[in-house]
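Single-letter residue listing:
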Amino acid sequence: MSDSAKDPRNHALDRTHVGSGSLTMSEITAAFGGSEGDQAFPPILTEPQAASLLHVPIKTLRNWRSADRLTGVWAKPGRHVIYWRDRLVAWAFADSTTDWQP
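Residues numbered from 1 in each chain as written. Predicted model: local features only at pLDDT ≥ 70, side-chain atom pairs only at ≥ 80, totals over all residues. Heavy atoms only, no water.

Could you give me a rundown of the side chain of R65, with the residues and numbers involved?
By the element assignment, R65 lies in helix α5 (residues 58-66). Within the local environment of R65, its side chain forms a polar contact with the side chain of Y83, the two groups lying 2.8 Å apart. (Helix = DSSP H or I, 4+ residues; strand = E, 2+ residues; numbered from the N terminus. Polar contact = N/O pair within 3.5 Å; in protein donor to acceptor, adjacent residues only side chain to side chain.)

I'd like to hear about unusual backbone geometry, residue by residue, with values.
Even without glycine at this site, H55 takes up a positive phi of about 60°. By the secondary structure assignment, H55 is in the loop between α4 (47-54) and α5. At D68, a position not held by glycine, the phi torsion is positive, near 60°. Along the chain, D68 falls in the loop between α5 and β2 (74-75). Given the relative accessible area of 58%, D68 is considered exposed. (Buried < 20%, exposed > 50% of the residue type's maximum accessible area, 1.4 Å probe, protein only.)

Describe the environment of T46, naming the residues involved and giving the relevant values.
You can see T46 is positioned in strand β1 (residues 44-46). Judged by relative accessible area, which is 38%, T46 ranks as partly exposed. Between the alpha carbons of T46 and W74 there is a distance of 9.8 Å; along the sequence they are 28 residues apart. If we skip the residues at most four places from it in the chain, T46 touches V81 and Y83. (Contact = heavy atoms within 4.5 Å.)

Could you give an account of the nonpolar core, with specific residues and numbers?
Ranked by size, the top nonpolar core spans 20 residues in total, and within it L61, L70, Y83 and L88 carry the most contacts. Ranked by residues supplied to this core, first place goes to helix α6 (residues 85-93) with 5 residues. Filtering out sequence-adjacent residues up to four positions away, L61 remains in contact with E47, A50, A51, L54, V56, L70 and Y83. (Core = buried A, V, L, I, M, F, W, Y, C linked by side-chain atoms within 4.5 Å.)

Functional significance is not addressed by these values, which are geometric in nature.
Next up, the structure:
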């Protein structure tokens, strides 16, 4: 395996490295329990907050959205895109894109 293939930065949300089993909604909610978790990442996220949560550039989020990889995770009620935190986390930890159900 090449050094670049071993570098974890090359695998941002690569589903082959997530492991088996998706997170349950109770596990996701528990991860954000308490006021600290909700202050940093409230239930509805702005685009910069969503990118920060997943540790990816905003451009990556936009590319995923335009490629229909984030179906059911975001909305654009006006000029701004918003993301549902728990759905975004569930999507990120799904075993594959076919496992994700909004």
